[in-house]
Structures are given as C-alpha cells and as structure tokens.
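The residues making up each chain are set out below.
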Amino acid sequence: VKINSDINVLEDMVLCNALSSFYPSIRNARVDVWTENTTLHAAWENGGYKSSLANQEMRKIEGIS
C-alpha cells in the first residue's frame, strides 16, 4: 500500500477508518465529528477538495452508512 504524504488525504483516511471500525454500532445513527482540521471542514461544507485523492476519501466517508 502506497501512503500519500498529503496531510488532508491522511486525515481523511484516519476518519474513514475510525468510522468504519465503529460501523456496526453507528449504523443508521447520526454521528458528530469534532476536528481541528479546517480544510476537512471547508471541504465538507463546499462539496470537496481540489485534490482527487482527498475527494476519493471524502466519498468513502460519505458512503459509510
């Protein structure tokens, strides 16, 4: 597995993995995520990043439901 050095991609991957690990217990539930990553927050509010890799991770996060 090739690891990307873009911090935004890495932080999205961490969030995706954390949510995935709790999936059975958070299924059909609202989950609030507190983060200091202003880029992630802005991307979530504005519908994405400029980076296609970060957008892929964002789509994975949105798909956890």
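What counts, and at which threshold
- Residues numbered from 1 in each chain as written.
- Predicted model: local features only at pLDDT ≥ 70, side-chain atom pairs only at ≥ 80, totals over all residues.
- Heavy atoms only, no water.
- Salt bridge = Lys/Arg side-chain N within 4 Å of Asp/Glu carboxyl O.
- Helix = DSSP H or I, 4+ residues; strand = E, 2+ residues; numbered from the N terminus.
- Buried < 20%, exposed > 50% of the residue type's maximum accessible area, 1.4 Å probe, protein only.
- Axes fitted to C-alpha atoms, helices over the stretch in contact; angles between N-to-C directions.
- Parallel < 35°, antiparallel > 145°, perpendicular 65-115°, else oblique.
- Left-handed = near helix turned anticlockwise from the far one by under 90°.
- Contact = heavy atoms within 4.5 Å.
- Nonpolar A, V, L, I, M, F, W, Y, C, P; charged D, E, K, R; others polar.
- Core = buried A, V, L, I, M, F, W, Y, C linked by side-chain atoms within 4.5 Å.
- Expected span 1.5 Å × (residues − 1).
- Arc of directions from axis to C-beta.

### Some thoughts on the pattern of salt bridges
This model, assessed by the stated rule, comprises two salt bridges. Lys-60 is paired through a salt bridge with Glu-57; the nearest N and O atoms lie 3.2 Å apart. In this pair, Lys-60 and Glu-57 both sit in helix H4 (residues 52-63), three residues apart, roughly one turn of the helix. Take Glu-57: its relative accessible area is 9%, and that puts it in the buried class.

### Brief notes about the packing of helix H1 (residues 7-21) against H4
Orientation of H1 relative to H4, taken along the N-to-C sense of each, is 15°, at an axis distance of 9 Å. It follows from the interaxial angle that H1 and H4 lie roughly parallel. Helix-helix and strand crossings are classified by hand; for H1 and H4 the assignment is left-handed. Every residue of H4 that contacts H1 at Val-9, Asp-12, Met-13, Leu-15, Cys-16 and Leu-19 is listed here: Leu-53, Ala-54, Glu-57, Met-58, Lys-60 and Ile-61. Here the residues of the contact of H1 with H4 sort into nine nonpolar, no polar and three charged.

### A look at the nonpolar core
The biggest cluster of nonpolar side chains holds 10 residues, and these are Val-9, Leu-15, Cys-16, Leu-19, Leu-40, Ala-43, Tyr-49, Ala-54, Met-58 and Ile-61. Going through the elements one at a time, H1, helix H3 (38-46) and H4 are the ones with two or more residues in this core. In terms of residues, this core owes the most to one element, H1, which gives four residues. Leaving out residues up to four positions away in the same chain, Leu-40 has contacts with Asp-12, Leu-15, Thr-35, Tyr-49 and Met-58.

### Description of H1
The terminal C-alpha atoms of H1 lie 21 Å apart, and with 15 residues this matches the ideal 21 Å at 1.5 Å per residue to within 8%. For H1, the full list of buried residues reads Asn-8, Val-9, Asp-12, Leu-15, Cys-16 and Leu-19. Angularly, the buried residues of H1 cover 125° about the axis, an arc narrow enough to put them on a single face. Pointing more than 90 degrees away from the buried face of H1 are the exposed residues Val-14, Asn-17 and Ser-21.

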